[in-house]
Amino acid sequence: MKRDPIGWMKDEYQKLVEADLDWKIRILQGPSTPKAKVDGVDVIMLCSNNYLNLTNHPHLKEAAIEAIKTHGTGSGSVRAIAGTMDLHAELERRLAKFKDAEASLTYSAGFTANEGLIPQLVRKGDAIISDELNHGSIIDGVRLTKADRFVYDHCDMGSLERVLNEAENGNPERMLIITDGVFSMDGDIAPLDEIVKLGSEHGAMIYVDDAHGEAVLGKGGRGIVSHFNLTHDQVHFEMGTFSKAFGVMGGHVSGSQDMVNYALNKSRSWLLSASHPPATAAACIAAIDVLEQEPEHVRTLWENREYFVKGLQDMGYDTGRSQTPIVPAIVGESSKAVKLSQGLYKEGILALPIVFPMVARDAARIRNIMNSGLTKEHLDQALNAYEKVGKQLGII
Ligand SMILES: Cc1ncc(COP(=O)(O)O)c(C=O)c1O
């Protein structure tokens, strides 16, 4: 029989459809804003990472348009060859200053920062030590290394200590501890101060992925290193992304100049992938301007977060370990979370379910993400919908 070279894909996809595990892609018809049009329906958006509503901020949009006029649409190359424009260099200077670091390096995305940098930090015989709930891009970066891998229980410092001692048995030359700053499914914060303390006892490098913490935590949104009053002598790699609260696109890492010199010469995703279009770099610079000049966005984000969490908890919803603007409503079985999301959508609320295998089988949830652009009226509409649908489904 002649082989159908790609027939297996249809079969695999069919299996996903039958298990209702295929992604149903929704189409935004306009900007990602707290009030958005999705598949023809006006909704209150509770599932975008656009925490500060900067995706539609006039200063970012004007900067992007201006950069197209002055620098064109593409950079034409990878950074190392002919793709470093003055805008890329300025962005890195501005970010380093914002992060109070010696230097910063930008990547095309947060994913490619993790995937490109982590494998360059450890070699065979070294030890890499990772929180069990770290993001998939960290997991992929770790998989690309030949180092011995150790996983500690989520945010459990006793477990980290045990794992560090176990790792020492292999006599590694280098050790790397790596953690998310804010965990994306629960909204809890890694105890970075304690991780630094334990790590320094073992001479380990510390790497934090602050994708959900920057422009959210710390002084004026400077991120998790600022939140814990730490320095880049203690946290050697402060990695993040411009794709979430910064409202644009792109990964980055901040730390020492030596670190950046090494990272840019070694990361394959930096060396072998084109640099950002000028509009992207310019919009990222503008996002830093906004953070520095308009502190009200971060303040309102946190006020909205407190209001919404209290509203959900008062109704009897379980918001789990949330400490940040990521606020889960944990409901148990996957089917309940799916029905709750569908019911909310009928009420004009876009809030998506997170189900097994992304979270444990009995911890399916709706993951709400707060936004500084949500008004009290929007939040009340969302809370009323949670009350109505939650009662209908017997969740509260
Ligand atoms: C913790 C974490 N790291 C990295 C990334 C990837 O960032 P980007 O979307 O810029 O590739 C994400 C995005 O989902 C994330 O949540």
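Use the structure listed above.
Nothing here was measured: the structure is a model prediction, and the numbers come from that model.

Quick notes on the rules
Residues numbered from 1 in each chain as written. Predicted model: local features only at pLDDT ≥ 70, side-chain atom pairs only at ≥ 80, totals over all residues. Heavy atoms only, no water. Helix = DSSP H or I, 4+ residues; strand = E, 2+ residues; numbered from the N terminus. Rg over C-alpha atoms; globule rule 2.2 N^0.38 Å. Buried < 20%, exposed > 50% of the residue type's maximum accessible area, 1.4 Å probe, protein only. Contact = heavy atoms within 4.5 Å. Areas by Shrake-Rupley, 256 points an atom, 1.4 Å probe, with all protein chains shown as cover. Lys, Arg positive; Asp, Glu negative; His and termini not counted. Charge placed at Lys NZ, Arg CZ, Asp CG, Glu CD. Pairing = 2+ DSSP bridges. Axes fitted to C-alpha atoms, helices over the stretch in contact; angles between N-to-C directions. Parallel < 35°, antiparallel > 145°, perpendicular 65-115°, else oblique. Left-handed = near helix turned anticlockwise from the far one by under 90°. 1 Å grid on protein atoms, 1.4 Å probe; cavity = no way out; pocket = protein on both sides within 12 Å on 5 of 7 lines; lining within 4 Å. Points joined across faces, edges and corners; volume = space filled by probe spheres on them. Nonpolar A, V, L, I, M, F, W, Y, C, P; charged D, E, K, R; others polar. Domains from an automatic or database assignment. Near = heavy atom within 4 Å. Polar contact = N/O pair within 3.5 Å; in protein donor to acceptor, adjacent residues only side chain to side chain. Sits in = over half its atoms within 2 Å of the grid points. Patch = residues over 30% accessible without salt bridge, like charges linked within 9 Å, V, L, I, M, F, W, Y side chains within 5 Å. Salt bridge = Lys/Arg side-chain N within 4 Å of Asp/Glu carboxyl O. Core = buried A, V, L, I, M, F, W, Y, C linked by side-chain atoms within 4.5 Å.

(A) Quick peek at the overall build of the protein chain. Helix and strand counts for the protein chain come out as 14 helices and 13 strands. Its C-alpha atoms give the protein chain a radius of gyration of 22 Å, near enough to 21 Å, the size a compact globule of 396 residues would have. Projected onto the principal axes, the alpha-carbon positions of the protein chain cover approximately 65 × 60 × 55 Å. Counting all 396 residues of the protein chain, 54% fall into the buried class. Restricting to contacts in the protein chain with at least 6 residues of sequence separation, those with at least 24 account for 69%. Looking at the protein chain as shown, the accessible area adds up to about 18200 Å², and 52% of this sits on carbon and sulfur atoms. Both charge centroids of the protein chain, one from 41 positive and one from 53 negative side chains, sit 5 Å from each other.

(B) Seen up close, the sheet that holds strand E1 (residues 35-38). The three strands are arranged E1-E2-E11 in an open sheet whose pairing can be described as mixed. Sheet topology places E1 and strand E11 (349-350) at the edges, where each strand pairs with a single neighbour. One ladder, built from four bridges, connects E1 with strand E2 (residues 41-45); its direction is antiparallel. Bridged to Lys-35 within E2 is Ile-44.

(C) Region of interest: the packing of helix H3 (residues 86-98) against helix H11 (residues 278-293). At a closest axis distance of 9 Å, the pairing of H3 and H11 adopts a crossing angle of 25°. The angle between H3 and H11 places the two elements in the roughly parallel class. Like other packed secondary-structure pairs, H3 and H11 cross with a definite hand, here left-handed. Together, Leu-87, His-88, Glu-90, Leu-91, Arg-94, Leu-95 and Phe-98 of H3 and Pro-278, Ala-281, Ala-282, Cys-284, Ile-285, Ile-288, Asp-289, Leu-291 and Glu-292 of H11 make up the contact between the two elements.

(D) Spatial organisation of the layout of surface pockets. Taken as a whole, the largest pocket spans an internal volume of roughly 1500 Å³. What lines the largest pocket is a set of 49 residues, and nearest its centre among them are Trp-23, Leu-352, Pro-353, Ile-354 and Met-358. Elements that contribute at least two residues to the lining of the largest pocket include exactly helix H4 (110-117), strand E8 (237-241), helix H13 (334-346), strand E12 (353-354) and strand E13 (364-369). Sort the elements by how many residues they give to the lining of the largest pocket and H13 lands first, with five residues. Looking at the lining of the largest pocket, its residues break down into 24 nonpolar, 17 polar and eight charged. Residues from two domains meet in the lining of the largest pocket; each of domain 1 (14-45 + 295-392) and domain 2 (58-293) gives at least three. Roughly 380 Å³ of volume is contained in the second largest pocket. Taken together, 18 residues make up the lining of the second largest pocket; nearest its centre are Leu-133, Met-185, Asp-186, Met-358 and Val-359.

(E) Summary view of the sheet that holds E12. Strand order in the open sheet formed by three strands is E10-E13-E12, and the pairing between neighbours is antiparallel. Here the strands that pair on one side only, and so sit at the sheet edges, are strand E10 (326-332) and E12. Here E12 pairs with E13 via two bridges, running antiparallel. The residue of E13 that forms the bridge with Ile-354 is Arg-365.

(F) The arrangement of the site of the ligand in detail. Around the ligand lies a shell formed by Ala-109, Gly-110, Phe-111, His-135, Ser-137, Asp-180, Asp-209, Ala-211, His-212, Thr-241, Ser-243 and Lys-244. Contact between the ligand and Asp-209: a nitrogen atom at 2.6 Å from a side-chain N or O atom of the residue. Measuring from an oxygen atom of the ligand, one finds a side-chain N or O atom of Thr-241 at 2.6 Å. Protein chains bury 84% of the 390 Å² of accessible surface belonging to the ligand in isolation. Spatially, the ligand is embedded in the largest pocket. Of the residues belonging to the shell around the ligand, the class tally is three nonpolar, six polar and three charged.

(G) Summary view of unusual backbone geometry. The amide bond that connects Phe-356 to the next residue, Pro-357, takes the cis arrangement and shows omega of 10°. Mapping Pro-357 onto the fold places it in the loop between E12 and E13. The phi torsion at Ala-215 lies on the positive side, around 65°, for a residue other than glycine. With respect to the helices and strands, Ala-215 occurs in the loop between strand E7 (205-209) and helix H8 (224-227).

(H) Looking closely at empty space enclosed by the protein. In this structure the tally under the stated criterion is one cavity of 30 Å³ or more. Considering only enclosed or pocket space, the largest cavity measures out at about 90 Å³ in volume. Forming the walls of the largest cavity are Arg-79, His-88, Thr-106, Tyr-107, Ser-108, Ser-269, Trp-270, Ser-273, Ala-274, Ser-275 and His-276. Contributing elements (two or more residues each) for the lining of the largest cavity: strand E3 (103-107) and helix H10 (268-271). Class assignment of the residues belonging to the lining of the largest cavity gives a composition of three nonpolar, seven polar and one charged.

(I) How the structure looks around a nonpolar patch on the surface. A grouping of Tyr-13, Leu-16, Val-17 and Leu-21 is seen on the molecular surface, where their side chains present a nonpolar patch of about 340 Å² in accessible area. In this fold, Leu-16 is placed in helix H1 (residues 7-18).

(J) Quick look at the nonpolar core. Of all hydrophobic cores here, the largest spans 82 residues; its most connected members are Leu-46, Ile-129, Phe-308 and Tyr-386. No other element matches the nine residues that H11 contributes to this core. Excluding residues that lie within four positions of it along the chain, Ile-129 makes contacts with Phe-150, Tyr-152, Leu-160, Val-163, Leu-164, Ala-167, Met-175, Leu-176, Ile-177 and Ile-178. Core analysis: the second largest hydrophobic core is formed by 23 residues, Ala-113, Leu-121, Ala-147 and Val-260 among them.

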